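Examination of the molecular architecture
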Amino acid sequence: MRSLKQPFFKTFFILTALALCLGSAYLFAGLAEGSWNYNIARRINILAAIAVTAVSVGLSSVVFQTITSNHILTPSIMGLDNLYVFIQTVVIYFLGTGEMEMMTRQNDFLLTLAIMTAASTSIFIFMFKTNCANVYFAVLAGLVFGIAFGGLSSFMQVIIDPSEFSILEGRMFASFNKINLPLMGISSLIVALSSVWIALDFKNLDVMTLGRAHSVALGVNYEKIVLKTFVAVSLLTSASTVLVGPVTFLGILIVSIARFIFPTYRHDILVPGTILVGICALISGMLVTERYLQFTVPLSVIINFAGGICFIYLVLKLKRI
Amino acid sequence: MISTENISKKYRSELVLKGVSTILPTGKIIAFIGSNGAGKSTLLNIISRLIPPSEGSVVIDGKKTSLWNTGDLAKTLTILGQSPQSETRITVKDLVSFGRFPHSNGETTPDDERAVAEALNITGIETLKDRYIDELSGGQRQMAYIAMSVAQDTKYILLDEPLNNLDMGRSVKIMKLMQKLVKEKSKTIFVVVHDINFVSFYADYVLALKDGILKYQGETESIMRPEILSDIYDIDITVENYRGKKICIYYK
């Protein structure tokens, strides 16, 4: 199983070089003398957020596809980031501002995180226990879940007290241009810990590419690793959503490109590959919105446009099989 | 030795397996026969811990399956089900190398290399080792999965309809390979087979199920009788002798 690593070394080198070039282009290009201090700090924060998002979305999308045995679903397509926004709205709605002031932002985040992990893990387990084989059902259910949670969140945001809503707005509608800086530290920590936790199981996940029956026959503790992965995917999705907001089709875009560049089942190649592709895609998108479109179009729109096309292509390809 | 104690399996409200208790012999090819829905695959899947029984227990080498560590059990017993088409790009050699996972946990040792080379050799697919499995024909792919199970080097090998969708030539090849594994490596092989004549020619021992009940069990000779087979499959079956073996004729 070792021999495959060599041919990908060059690809990794090129991708890393590309990511570094794009990163420095973003960081230094067009800096005016007067606004140096302001701009460089802002740009460093954006690059850091991009790195955290790429790790979180890339890793969660690859392992999610492994345990669900398909190549067109990702946590975001299953409506997971909308679920996060919904839970956050509910937390703020029921706790209200009075109590919110006593709670620090981090406590609020951790509470949302706990509810999110419990809720999404139960939804996954329920869905994949009752209807395991059908990808179409899962896509449909995921999209319906996503729309339902999105709708419920908007509904609650409409009936919420206007002063509470302004607090909510500040916390919830993060984007790449409005990064949730106070939670940057804790969300990076969660992404880092979850990544290490999952990386320990890469060998088992390689075997799980073969499906449940073969994995069990080969002695993988299948149910335990599926549960663990679902929990980690929930944590990762929550962390990236709180930091930069939902970007539904980012995961599918970067995983599909990575699978094309790295045609392998090995997670120790595929995951870093996906993360590098994610970094390159996000920085390029950021360069386009900032420098050419003058912020008229948000980054998530560009990413969703490209990712959406990619998703439609994959669904059409699936139909042919 | 594998034995089952009163296993039953319920799907929703339907009992597909009703109190099966048996002791299975070792060092033989053991065929599971019965019509569709008789419970053969369910029984095989329960023995291999792929699905839990609703009642009863399976004992493998003196220990109940629920007490086995799943990683250790994978060094003693393996099951090969009907393989679904996989989207994953994986070469035959890598697939066969997965068979060594219970022994090496992904870090390939020289022992593993040897076992993989031997498995490729014994299944006759050495020339295909660098091909991707999604490019192979159904028969070649089946052989690759069998090679993975061979590389796993377990005492018990369970095969759920390995001859499905294969031509006669390849089916014979697979059954001969099974005989070789039993003879040369003293494996015990459990196999679900639909073609009764393959059972007659290659199996040493037969378990016959009907409607979830284990109805007959014994040496192949003793099961290949018209009245037993007619009962199992609910059609008239004539049994003829041909060069010391029994041939079943059920075409009308």
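Throughout what follows, the structure given in this document is the object of discussion. (Residues numbered from 1 in each chain as written. Chains lettered and ligands numbered in written order. Predicted model: local features only at pLDDT ≥ 70, side-chain atom pairs only at ≥ 80, totals over all residues. Heavy atoms only, no water.)

Observations regarding the overall build of chain B
A count of helical and extended segments in chain B gives 10 helices and 12 strands. Against the globule reference of 18 Å for 252 residues, chain B gives a C-alpha radius of gyration of 18 Å, in line with a compact fold. In terms of principal-axis extent, the alpha carbons of chain B reach across some 50 × 45 × 35 Å. In chain B, which comprises 252 residues, the proportion classed as buried is 54%. Long-range contacts, defined as pairs at least 24 residues apart, comprise 66% of the intrachain contacts of chain B with a sequence gap of at least 6. Split by element, the accessible area of chain B, about 11500 Å² in all, is 47% carbon and sulfur. The positive charge centre, built from 32 side chains, and the negative charge centre, built from 31, are 2 Å apart in chain B. (Helix = DSSP H or I, 4+ residues; strand = E, 2+ residues; numbered from the N terminus. Rg over C-alpha atoms; globule rule 2.2 N^0.38 Å. Buried < 20%, exposed > 50% of the residue type's maximum accessible area, 1.4 Å probe, protein only. Contact = heavy atoms within 4.5 Å. Areas by Shrake-Rupley, 256 points an atom, 1.4 Å probe, with all protein chains shown as cover. Lys, Arg positive; Asp, Glu negative; His and termini not counted. Charge placed at Lys NZ, Arg CZ, Asp CG, Glu CD.)

A closer look at the sheet that holds strand β10 (residues 213-219) of chain B
All names here are of chain B. Taken together, 6 strands build an open sheet; the order of strands is β6-β7-β8-β3-β9-β10 and the sheet is mixed. Unpaired on one side and paired on the other, β6 (77-80) and β10 mark the two borders of the sheet. Each strand of the sheet is rotated relative to its neighbour by a mean of 15 degrees, with strand direction disregarded. As defined by bridge partners, β6 adjoins strand β7 (residues 156-159) across 4 bridges and the pair is classed as parallel. Bridging across to β7, T78 finds its partner in I157. Against the sheet, helix α7 (residues 168-185) touches β3 (29-33), β7 and β8 (188-192), its axis set at about 135 degrees to β3. (Pairing = 2+ DSSP bridges. Axes fitted to C-alpha atoms, helices over the stretch in contact; angles between N-to-C directions.)

As for helix α6 (residues 138-152) of chain B
Residue and element names in this part refer to chain B. Its 15 residues give α6 an end-to-end C-alpha distance of 22 Å, which sits within 8% of 21 Å, the value for a rise of 1.5 Å per residue. Within α6, 13 of the 15 residues are buried, which leaves it mostly tucked inside the rest of the structure. Residue D153 follows α6 closely and has a positive phi angle near 55 degrees. (Expected span 1.5 Å × (residues − 1).)

Focus on the interface of chain B and chain A
Where the parts come together, the accessible area they lose is often given as the size of the interface. Contacts between the two partners involve 29 residues from chain B and, on the opposite side, 24 residues from chain A. Taking both sides of the interface into account, the surface hidden between chain B and chain A amounts to around 2300 Å²; carbon and sulfur atoms contribute 64%. On inspection of chain B and its partner chain A, the count reaches 0 salt bridges. Counting every contact that joins chain B to chain A gives 3 residue pairs in polar contact (both at pLDDT 80 or more). Among the elements of the structure, α2 (70-73), β6, α3 (92-98), α4 (101-104) and α6 of chain B are those that each provide at least two residues to the side of chain B that touches chain A. Taken together, the residues that form the side of chain B that touches chain A break down as 13 nonpolar, 11 polar and 5 charged. (Buried area = accessible area lost by both parts, 1.4 Å probe. Salt bridge = Lys/Arg side-chain N within 4 Å of Asp/Glu carboxyl O. Polar contact = N/O pair within 3.5 Å; in protein donor to acceptor, adjacent residues only side chain to side chain. Nonpolar A, V, L, I, M, F, W, Y, C, P; charged D, E, K, R; others polar.)

Focus on the state of the cysteines
Here, disulfide denotes a covalent bond that connects the sulfur atoms of two cysteines. Residue and element names in this part refer to chain A. Taken as a whole and assessed by the stated rule, the structure comprises 0 disulfides over all chains. Take C21: it sits in no disulfide, and the sulfur closest to it among the cysteines is that of C280, at 9.4 Å. The class for C21 is exposed, based on a relative accessible area of 52%. (Disulfide = S-S within 2.5 Å.)

Quick word on the pairing of β10(B)
All names here are of chain B. Both strand β9 (residues 205-210) and β10 contribute to a ladder of 6 bridges, which runs antiparallel. Bridged to Y205 within β10 is E219. Here β9 folds back onto β10 in antiparallel fashion, the turn holding 2 residues, of which D211 has a positive phi close to 50 degrees.

Remarks on the environment of B:V116
Residues and elements named next belong to chain B. As for its position among the elements, V116 is in helix α5 (residues 110-122). You can call V116 buried: its relative accessible area is 4%. A sequence separation of 19 residues divides V116 from S97, and the C-alpha atoms of the two residues are 6.0 Å apart. When residues no more than four places from it in sequence are discounted, the contact partners of V116 are K93, V96, S97 and R100.

Considering helix α7 (residues 184-199) of chain A
The end-to-end C-alpha separation of α7(A) is 22 Å, in line with the 22 Å expected for 16 residues at 1.5 Å each. Three or more residues of α7(A) are buried, namely A:M184, A:I186, A:S187, A:I190, A:V191, A:S194, A:S195 and A:I198.

Considering the packing of aromatic side chains
Within the structure shown, the criterion is met by 11 aromatic pairs over all chains. Between A:F145 and A:F149 the ring centres are 5.8 Å apart and the planes differ by 5 degrees, which places this aromatic pair in the stacked class. Here the residue A:F145 and the residue A:F149 both occupy positions in helix α5 (residues 135-159), the gap between them amounting to 4 residues, near one helical turn. It is A:R43 that lies over the ring of A:Y26; its NZ or CZ is 5.8 Å from the centre. Lying over the aromatic face of B:W68, B:K63 brings its terminal NZ or CZ to 4.9 Å of the ring centre. (Phe/Tyr/Trp six-rings, centres within 6.5 Å; stacked < 30°, edge-to-face > 60°. Lys NZ or Arg CZ within 6 Å of the ring centre and 35° of its normal.)

A look at the sheet that holds strand β2 (residues 14-24) of chain B
Residues and elements named next belong to chain B. Taken together, 4 strands build an open sheet; the order of strands is β2-β1-β4-β5 and the sheet is antiparallel. Because the sheet does not close on itself, it has two edges, and the strands there are β2 and β5 (63-64). In this sheet, β2 lies alongside strand β1 (residues 2-11) in antiparallel orientation, the contact comprising 7 bridges. Pairing of I2 across the sheet is with L24, part of β2. Sitting on the sheet, helix α1 (residues 40-47) is in contact with β1, β2 and β4 (55-60), with an inclination near 120 degrees to β1.

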